[in-house]
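# Remarks on the overall topology
The lines below spell out each chain.
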Amino acid sequence: SFAAGLKLSTESIKELRYRINEYAITNMDPENNIKVIDVGLNLPANMASLELFDAINGLAPFGNENKKPYCMSEFIINDLRLVGSDASHLKLRLADQKGNVHDAIGFGMGAQFDWLKVGSDVKIVFEISQNIWNNNRKHQLEIVDIKPNE
C-alpha cells in the first residue's frame, strides 16, 4: 500500500464515504473479502521486550519494501478496559506463560471488549512498540488482531 494525500472539505466527507462504499459493493467479491495478516514472527510471548523493539527498529526505515513485522503470541488476560474519549480502544494487561506482564493497546478495537474476559487465553497478532510516559520507557503491544486461543 502507498500513502496519498487528499484535500477535502468537511461537507464532502459523507459523499466521499458513500462513493467509496458504493464502489466497494460493486467491485468486491464478499466471499473473498477476508483479512489476511502476514505474521513475521511466531514469538514466545516472554520475548516481547524493549530489547526486541530496539532490535526491530534497527531494521528501519519501514515502508512498502521493508514492512514492520507482525508478531504472534499467546497470552492470558489479566486486566481489560476501554479507553479513549469515545471508548473505542481496547487496553489490556497480558501475562505470558512465565508470568511476565505486557501492556497492550488495540486502537479501534473496542467492539472486541464484549467477548473478552479476565483469565481468557488469547492469541494476539501485534506490532511491538514503546510507550514513554513520565520518562518511563516500556514496551507495548499494538494489537492487530485478537482471537480466543483454541
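This text gives an overview of the structure that appears in the document. Given the structure is predicted, the values throughout are model-derived calculations rather than measurements.

## What to know about the packing of aromatic side chains
Here the structure, examined in full by the defined rule, presents one aromatic pair. With 6.2 Å between their ring centres and 65° between their planes, phenylalanine 75 and phenylalanine 126 make a pair best called edge-to-face. Note that phenylalanine 75 is positioned in strand S2 (residues 70–83) and phenylalanine 126 in strand S5 (residues 121–133), a separation of 51 residues in sequence. Both residues of the pair, phenylalanine 75 and phenylalanine 126, count as buried.

## Describing the environment of valine 144
Its place among the elements puts valine 144 in strand S6 (residues 136–148). Here the alpha-carbon distance between valine 144 and asparagine 21, two residues 123 residues apart in the chain, equals 23 Å.

## Quick word on a nonpolar patch on the surface
Together, Leu6, Leu8, Ile13, Leu16 and Ile20 make up an exposed nonpolar region whose accessible area comes to about 440 Å². Counting through the fold element by element, isoleucine 20 comes out in helix H1 (residues 13–27). The exposure class assigned to isoleucine 20 is partly exposed, which follows from its relative accessible area of 48%.

## What about the layout of surface pockets?
Unfilled space is identified by rolling a water-sized probe across the atoms. Estimates place the volume of the largest pocket at around 150 Å³. Around the largest pocket, the lining residues are Asp38, Gly40, Lys67, Lys68, Pro69, Tyr70 and Glu127.

## A short note on the pairing of S5
Inspection of the sheet shows S2 paired to S5 by six bridges, in the antiparallel sense. When the sheet's bridge partners are listed, serine 73 is paired in S5 with isoleucine 124. As paired elements, S5 and S6 share twelve bridges and run antiparallel to each other. Across the sheet, residue phenylalanine 126 finds its bridge partner in S6, namely isoleucine 143.

## Some remarks on unusual backbone geometry
In the segment running from alanine 60 into proline 61, the intervening peptide bond is cis, with an omega of 10°. For proline 61, the location among the structural elements is in the loop between helix H2 (50–57) and S2. The phi dihedral of alanine 87 falls on the positive side, at around 55°, and the residue is not glycine. Non-glycine residue asparagine 134 carries a positive phi angle of around 50°. Here asparagine 134 lies in the loop between S5 and S6. Overall, asparagine 134 belongs to the exposed group, its relative accessible area being 67%.

Cut-offs used in this document
Residues numbered from 1 in each chain as written. Predicted model: local features only at pLDDT ≥ 70, side-chain atom pairs only at ≥ 80, totals over all residues. Heavy atoms only, no water. Phe/Tyr/Trp six-rings, centres within 6.5 Å; stacked < 30°, edge-to-face > 60°. Helix = DSSP H or I, 4+ residues; strand = E, 2+ residues; numbered from the N terminus. Buried < 20%, exposed > 50% of the residue type's maximum accessible area, 1.4 Å probe, protein only. Patch = residues over 30% accessible without salt bridge, like charges linked within 9 Å, V, L, I, M, F, W, Y side chains within 5 Å. Areas by Shrake-Rupley, 256 points an atom, 1.4 Å probe, with all protein chains shown as cover. Salt bridge = Lys/Arg side-chain N within 4 Å of Asp/Glu carboxyl O. 1 Å grid on protein atoms, 1.4 Å probe; cavity = no way out; pocket = protein on both sides within 12 Å on 5 of 7 lines; lining within 4 Å. Points joined across faces, edges and corners; volume = space filled by probe spheres on them. Pairing = 2+ DSSP bridges.

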